[in-house]
Amino acid sequence: MTDVHTPRSSESAEPADEATGPFGQEDNGEAGGGTGGTAVPPAAGAGWLLWGWRQLTSMRTALVLLFLLALGSVPGSVLPQQGSDPSAVQQYYVSHPWLAPWMNHLGLFNVFAAPWFAAIYLLLFASLVGCVVPRTFRLVGSARTPPPRAPRNLARLPQSASYPSALSPDAAVDAAASILAGHRFRLRRPENGGRPGNGDAGHWVAAEKGYLREVGNLIFHLSLLGVLISIAVGGLFGYKADELVVEGGSFADTTAALDEFHPGRLVTGSDLAPFRLTLDKFTAQYFTSGQSAGEPESFSAQVTYAATPGGQQRTDNIEVNHPLSVDSVNVYLIGHGYAPVFRVANGQGKVSYEEATPFIPANTGTLLSDGVVKAPEASLGFMGVFVPTAVMTANGTLESLFPAADNPAVSLIGYSGNLGMNTEVSQSVYQLDTTGLTKISGSPHLMYQGQTWTLPGGRGSITYVGLKQWVSLAITYDPGQVPALVCGLLAIAGLLLSFFVRRRRMFVRAVPAASGAGSVVTVGGLTRSDASGGFEDEFASLSAELAGQDRPEPNYQSETGA
Amino acid sequence: MFRAKRRTVITAAAVIAVLLAGALAVTLLTQGKGNASDSMVEYPVGQRPVAPDFTATSLTGTPIKFASYRGKIVVLNFWGSWCPPCRNEAPMLEVLQQLYGSKGVSFLGDDVADTPQNALVFDSSVHITYPSVNDPGYAIVQDFSQVVPVSDTPTTVVIDRTGHVAGLVLGTVTYAEMTKLLSYAAVTK
């Protein structure tokens, strides 16, 4: 990022370059480098707009916005996000019932889609575009600019040398030009052939090499724009979604089916890739010994999918960092848990509910999970915990020793009454509003697989029938991802070019020797930046070659481009 | 000098704040609604999308071919027994079924993300007599979402006698909306 609102550089001040220095005003640093344009606001009128634009596109503003963007991303990393871990967000609501709604209002559970984040991003986008576009044009101009005229006194340059030549000044310069052309320098000769009468008097040749540096700069800036455009394309045409699927369950990629759906601005429901997916089986392996005991070793979700309705059925294993790719959409495995199967019967013994019910991990280490069971037709509701490897401690609390389901158990508290599910208001399937409900038992009821809890008062029963697992899948479509990657790589390549290729200039002047025969040739050289070093050696080598050889008439580029 | 620098910083900060507030306002104003409000869509004759055909199994295990409804106005309700707004509107749809059933209007439910057991218990509890097909993986929803915006549950789609979608209601449907849509669907020329 550089500021573009500084005075024009040497290209527009050509007559001054000979007097001020071989690199003109650019010698002081990067072209266009500045501190941020005028900070003094204009009196009134359209000038305010111009001034505001200059402020926005100044380096200072861009840096502030970049800092704000980084700062704004922090909550996205620290707090659970709807897009990546909706169950953790639900858990946050349970753990912080008074704080979570406020944070939700501020968009802190979906930071990267929050309006304030988008505002920072859009401003940064405008700032970067306003900075990079003019700079790109200037770089194009810089890359096409011929070398400047040779300074009068080459001995004042950082590198200089002189040698006597038996040739006439004109022939000596021609020989030097031939050698420099052989080294692929771009050449410039006096416009009038060195005749006296203007500033070009004398016999000289100016040579420049290292234009790849500007090309690299150009690639970097264009790639930066490409990254921004790619991100914008992804934001407009991409989408992200989350879906929780229980073993044996399936879903179609359609908005109504998705637990969370974050579409790009120009995405509609019919734009979604019409694939269908069934979770056949989920397998989690955990280390059973050593320091990593209890930590996950591998996760694998075996799925069957079809890219289109009625299309060919395929199978795949989705693993961590191994997403399923279907129709340009990636399906990532981002979470898992247990879904105990419950059967609830009413007071007359009629089954009112039988389903695998996902419980959400409250402890990701042991997978002790929270969940609720709602059987509105039996007027019964339950909330409790699922414990994969249950143990009852000495003080009577239920704990999980291991995340695998080695000794699965559930502990439930029962409620009876109207669950309030016949209203217009939607409810979370993971929460039970106990307002107006009657608590059935004073203490939680522990059940192992196959056991039935017959509720007191003839209210019915609940049976812990079996156990399934669920996975949380993140579905992402980002058409800007590949272009952004390509542009990012190009930007790095361009940056490396601009770092390691040095723009260096060689000047040769020849004057008649004092003896009247031959000439004295002075060679000067300099480089704008020598990050990779080595110019001294290159200059010495070239000087030696110039001093030691004569060459025939070279092809050179004159000031007029001939 | 120092005062000038301070003024520069203050004005730059003010400009950033104003621009940020402006961009925030624009973003908020142009942002789509997080939860689509209930809304009705009507398709004029000639612009009505063709309703996708499907074959599915009813909650009781009977095969149902949607094509067999051709020649009737069909009210297709996407619902689930786990969904409070769906449960809330179901008795009203049953009343309409009683009123319009003899007038060439058929009602069909599409029970999504549900088990037939849970759905049948609910239907029984509120005396729903019209059939529903079992659609645990939203396959039929996906088919319809390719032609009409079935973006949430519940959604009620009305299909005319020629098999074209006459209109739909996203979210909870009201009695007035249904009678209006049924009248609208009756017009096919």
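Residues numbered from 1 in each chain as written. Chains lettered and ligands numbered in written order. Predicted model: local features only at pLDDT ≥ 70, side-chain atom pairs only at ≥ 80, totals over all residues. Heavy atoms only, no water.

Description of the overall build of chain A
The helix and strand inventory of chain A stands at 10 helices and 24 strands. By residue count, 47% of the 562 residues in chain A fall in the buried class. A sequence separation of at least 24 residues applies to 66% of the contacts in chain A between residues at least 6 apart. Surface summary for chain A: the accessible area is close to 25,900 Å², and the carbon and sulfur share equals 57%. (Helix = DSSP H or I, 4+ residues; strand = E, 2+ residues; numbered from the N terminus. Buried < 20%, exposed > 50% of the residue type's maximum accessible area, 1.4 Å probe, protein only. Contact = heavy atoms within 4.5 Å. Areas by Shrake-Rupley, 256 points an atom, 1.4 Å probe, with all protein chains shown as cover.)

Thoughts on the confidence of the model for chain B
Residues and elements named next belong to chain B. In the predicted model, chain B carries a mean pLDDT of 86, and the fraction of residues at 70 or more is 80%. Note that residues 29-37 has pLDDT below 50 and, in this model, 6 contacts with residues that lie over four places away or in other chains. For this predicted complex, the interface confidence comes out at an ipTM of 0.79, alongside a pTM of 0.70. (pLDDT = per-residue confidence, 0-100.)

Looking at the sheet that holds strand β8 (residues 296-306) of chain A
All names here are of chain A. In spatial order, the strands read β5-β7-β8-β9; together these 4 strands make up an open sheet with antiparallel pairing. Since the sheet does not close on itself, it has two edges, and those belong to β5 (250-252) and β9 (313-319), each with one partner. Across the sheet, the mean angle separating the axes of adjacent strands is 25° when strand polarity is ignored. Pairing analysis gives 10 bridges linking strand β7 (residues 276-286) to β8, with the strands arranged antiparallel. Bridge pairing links Leu279 to Val303 in β8. (Pairing = 2+ DSSP bridges. Axes fitted to C-alpha atoms, helices over the stretch in contact; angles between N-to-C directions.)

Points about a nonpolar patch on the surface
A cluster of nonpolar side chains, namely A:Leu485, A:Leu489, A:Ile492, A:Leu495, A:Leu496, A:Phe499 and A:Phe500, defines an oily patch on the protein surface of about 700 Å² accessible area. Relative to the helices and strands, A:Phe499 resides in helix α9 (residues 481-500). (Patch = residues over 30% accessible without salt bridge, like charges linked within 9 Å, V, L, I, M, F, W, Y side chains within 5 Å. Salt bridge = Lys/Arg side-chain N within 4 Å of Asp/Glu carboxyl O.)

Some points on the interface of chain A and chain B
Listed by partner, the interface residues are 48 residues for chain A and 43 residues for chain B. Three residues stand out in chain A for area buried against chain B, namely A:Pro115, A:Ala256 and A:Glu377, and they jointly supply 15% of the buried area on that side. The residue B:Arg87 makes a salt bridge to A:Glu377 at a minimum N-O spacing of 2.5 Å. Here chain A and chain B share 13 residue pairs in polar contact (both at pLDDT 80 or more) between them. For the side of chain A that touches chain B, the secondary structure elements donating two or more residues are α2 (46-56), α3 (59-78), α6 (115-144), β5 and β12 (351-356) of chain A. For the side of chain A that touches chain B, the leading source of residues is α6(A), giving 7 residues. For the side of chain A that touches chain B, the residue count by class is 27 nonpolar, 12 polar and 9 charged. (Buried area = accessible area lost by both parts, 1.4 Å probe. Polar contact = N/O pair within 3.5 Å; in protein donor to acceptor, adjacent residues only side chain to side chain. Nonpolar A, V, L, I, M, F, W, Y, C, P; charged D, E, K, R; others polar.)

Side note on unusual backbone geometry
A cis amide bond, omega 5°, links B:Thr153 with the succeeding residue B:Pro154. Note on placement: B:Pro154 falls in the loop between α4 (139-145) and β7 (155-159). Notably, A:Asn321 is not glycine yet its phi reads approximately 65°, a positive angle. Its location among the elements puts A:Asn321 in the loop between β9 and β10 (324-326). When its relative accessible area of 75% is taken as the criterion, A:Asn321 is described as exposed. The phi angle at A:Leu367 is positive, at roughly 60°, despite the residue not being glycine. Its place among the elements puts A:Leu367 in the loop between β13 (360-361) and β14 (369-375).

Thoughts on the pattern of salt bridges
The tally for this structure, following the rule as stated, stands at 11 salt bridges over all chains. Taking the shortest distance from any N to any O, the salt bridge between A:Glu208 and A:Arg505 comes out at 2.6 Å. Linking A:Glu208 in strand β3 (residues 203-209) with A:Arg505 in strand β23 (residues 504-512), this pair joins segments that are 297 residues apart in sequence. Side by side, A:Glu208 and A:Arg505 carry an identical accessibility label, which is buried. Residue A:Arg276 pairs with B:Asp143 through a salt bridge whose shortest N-O separation is 2.8 Å. Placement of A:Arg276 in strand β7 and of B:Asp143 in helix α4 is noted, with the two residues assigned to different chains. The exposure class assigned to A:Arg276 is partly exposed, which follows from its relative accessible area of 21%. Taken together, the shared-partner salt bridges connect A:Asp170, A:Asp174 and A:Arg189 into one network.

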